[in-house]
Amino acid sequence: MAAKRRPRFRYTIMSLIVLMTMINYIDRGAISYASEPIIRLFHLDESSWGEVLGYFGYGYMVGSIFGGILSDKKGPKFVWIVAGSLWSLFEILMAFAGNIGIVVFGGSALAGFAVIRILFGVSEGPLFSTMNKTVANWAAPKEKGFMQSFGLFGVPFGSLITAPIAVGLLSVTSWQMTFVILGLLGVAWVIVWSKVFRNRPEDHPRVSKAELDIIRSGQDVLSQEATLVESEQQQIPWYHFFKNPTLICNAIGYFAFQYVNFLILTWTPKYLQDTFHYALSNLWYMGMIPWIGACITVLLGGRISDALRKRTGNLRIARSGLAVGSLVLTAVCFLIIPAVHSVAIVLLLMAIGNAFNFLPNSVYWAVVIDTEPAKAGSFGGVTHFITNIATVIAPTLTGFLVAASGYNAMFVAAAVASVIGMLAMVFVKPGKRRSAV
């Protein structure tokens, strides 16, 4: 029985990444459910609350690019352990952020939240660029799309269970203790990961020769598809990313995804409380609804992309084609929301729109691996840096839009972002480099 299990050990690694991604998203999403006591305690308004949510993105952009570079240079294990330890620490310090601001920053609780949220974002930033490097090292050519989507499953599922976990903790303890408990969960994951993971399957005693042959097989590589050649890694400068229109447009497409994703994650609880007057006790299940479909489509999208790759032999259809269609449908769903007034229909449209948004989630990372696998970490980091401009813009802009025009404006803005992403993905042509460095 042990011999039969070994050829699939790479899925054990990806399962642990799913768990870590879930913890990561619970950590970043919990603050949205603690909005009422924090706003009341520190006398914040909607615009300043949008700033609190948006500070995370400034650090997240920086962490994403440096995390990608470090995962290429130091290996993903080093980055996973350092990043996981730091974001767990800053999650715990979120319990004291406002008071730190009052004591250290001239009486400004907002400044305290700014510093801790930015450092928290820096720590969480390496997550997906390091995951991309891990997938480039561990995935077989024919399963890159699914392996990405498998790892990314933790995003919608983590977001879905954030609601019951955060509401449950807030119901039995204080919002400060909630952050402490969640931070300690991250520390536990880091300890387990440090003992189980290796940077490359060649270095892991539980990876059999049969599984390694599957991972390193060139049998299923398309003629247009780049392959992992470690000797190329230092020959490709980081700024080559900006010479490749495919990588730039892919990052813009991913920006659109992240805008919708982070908007729903950060503003849905307050939207439901302000518009439909739901109490915190109702949000444990209401906050889950927008993520239900996404938990299915994030996995389905990777399978569809890999199937299209196999059936058509065309990476552009398999990757960018899937993203274009999905983003169009995402935009349509969010454009309809301002015209309806039933909470059930609003949540249904949010769930369907978010499901379409997550369908090509793995595509954005697969495009980087398809095109520059030897720089999957660094170029994944640059991609994530551009993408996560949305983690600043989405919550901050929403705060201003809600204050000026009401909540309908935030749904229109989500639709506009999706259309921009769709137009960018039209120009994405994944595959080998076609110009000299």
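Before any of the text, the structure's been laid out above.
Residues numbered from 1 in each chain as written. Predicted model: local features only at pLDDT ≥ 70, side-chain atom pairs only at ≥ 80, totals over all residues. Heavy atoms only, no water.

A. Focus on helix H4 (residues 46-73). End to end, H4 covers 42 Å across 28 residues, agreeing with the expected 40 Å (1.5 Å per residue, within 8%). Leu53 marks where H4 bends most, by close to 30°. In terms of burial, H4 is a largely internal element, 20 of the 28 residues being buried. One side-chain oxygen at the N-terminal end of H4 lies 3.3 Å from the backbone nitrogen of Ser47; it belongs to Asp45. (Helix = DSSP H or I, 4+ residues; strand = E, 2+ residues; numbered from the N terminus. Expected span 1.5 Å × (residues − 1). Bend = angle between axes of the 7 residues up to and from the residue. Buried < 20%, exposed > 50% of the residue type's maximum accessible area, 1.4 Å probe, protein only. Polar contact = N/O pair within 3.5 Å; in protein donor to acceptor, adjacent residues only side chain to side chain.)

B. Spatial organisation of the packing of aromatic side chains. For the structure on display, the rule yields 30 aromatic pairs. On the basis of an interplanar angle of 20° and a centroid distance of 5.3 Å, the ring pair of Phe153 and Phe157 is categorised as stacked. Given a relative accessible area of 28%, Phe157 falls into the partly exposed group. Arranged with centres 6.3 Å apart and planes meeting at 65°, the rings of Trp267 and Tyr407 form a pair that is edge-to-face. Here Trp267, found in helix H13 (residues 245-276), pairs with Tyr407, found in the loop between helix H20 (390-405) and helix H21 (408-425); they are 140 residues apart in sequence, far enough to count as distant. (Phe/Tyr/Trp six-rings, centres within 6.5 Å; stacked < 30°, edge-to-face > 60°.)

C. Expanded view of the nonpolar core. Grouped together as the largest cluster of nonpolar side chains are 121 residues, with contacts concentrated most on Ile38, Trp49, Trp80, Phe128 and Tyr259. When residues of this core are assigned to their parent elements, the largest contribution, 15 residues, is made by helix H2 (residues 9-33). Leaving out residues up to four positions away in the same chain, Trp49 has contacts with Ile31, Ser35, Ile38, Ile39, Leu44, Trp267 and Lys270. Counting residues in each nonpolar core, the second largest holds nine residues, with Phe241, Leu247, Val368 and Ile386 among its members. (Core = buried A, V, L, I, M, F, W, Y, C linked by side-chain atoms within 4.5 Å. Contact = heavy atoms within 4.5 Å.)

D. Quick look at the packing of helix H9 (residues 144-152) against helix H15 (residues 292-312). Taken N-terminus to C-terminus, the directions of H9 and H15 make an angle of 175°; their axes are 7 Å apart at the nearest point. Considering the angle they form, H9 stands roughly antiparallel to H15. When H9 is examined against H15, the residues Lys144, Gly145, Phe146, Ser149, Phe150 and Leu152 are found in contact with a partner set consisting of Val298, Leu299, Gly302, Arg303 and Asp306. (Axes fitted to C-alpha atoms, helices over the stretch in contact; angles between N-to-C directions. Parallel < 35°, antiparallel > 145°, perpendicular 65-115°, else oblique.)

E. Representation of the side chain of Ser320 within the structure. In this structure, Ser320 sits in helix H16 (residues 315-336). The residues touching Ser320, leaving out its near neighbours within four places in the chain, are Leu315, Val363, Met425 and Val428.

F. Quick peek at a nonpolar patch on the surface. Taken together, Ile102, Val103, Val104, Phe105, Val115 and Leu119 make up a surface patch of nonpolar side chains, about 500 Å² in accessible area. Looking at the nonpolar patch, the elements with two or more residues in it are helix H6 (97-104) and helix H7 (109-124). At three residues, the largest contribution of residues to the nonpolar patch is made by H6. Turning to its location among the elements, Val104 is positioned in helix H6. (Patch = residues over 30% accessible without salt bridge, like charges linked within 9 Å, V, L, I, M, F, W, Y side chains within 5 Å. Areas by Shrake-Rupley, 256 points an atom, 1.4 Å probe, with all protein chains shown as cover. Salt bridge = Lys/Arg side-chain N within 4 Å of Asp/Glu carboxyl O.)

G. Spatial organisation of the pattern of salt bridges. Scanning all chains against the criterion turns up 10 salt bridges. Put simply, Glu124 and Arg28 hold a salt bridge, and the shortest N to O gap is 3.0 Å. One end of the pair, Glu124, is in helix H7; the other, Arg28, is in helix H2, with 96 residues separating them in the sequence. Residue classification places Glu124 among the buried residues on the basis of a relative accessible area of 0%. You can call Arg28 buried: its relative accessible area is 1%. A salt bridge links Asp72 to Lys133, with the shortest nitrogen-to-oxygen separation between them at 3.0 Å. Placement of the pair is Asp72 in helix H4 and Lys133 in helix H8 (residues 127-138), with a sequence separation of 61 residues.

H. Broad picture of the environment of Asn250. Mapped onto the elements, Asn250 comes out in helix H13. Look at Asn250 and you get buried, because its relative accessible area is 0%. C-alpha of Asn250 to C-alpha of Gly421: the two residues are 171 residues apart in sequence and 8.4 Å apart in space. Excluding residues within four positions of it along the chain, Asn250 makes contact with Val363, Tyr364, Val367, Val368, Thr383, Met425 and Val428. Here Tyr364 takes part through its backbone oxygen, which lies 2.8 Å from a polar atom of the side chain of Asn250.

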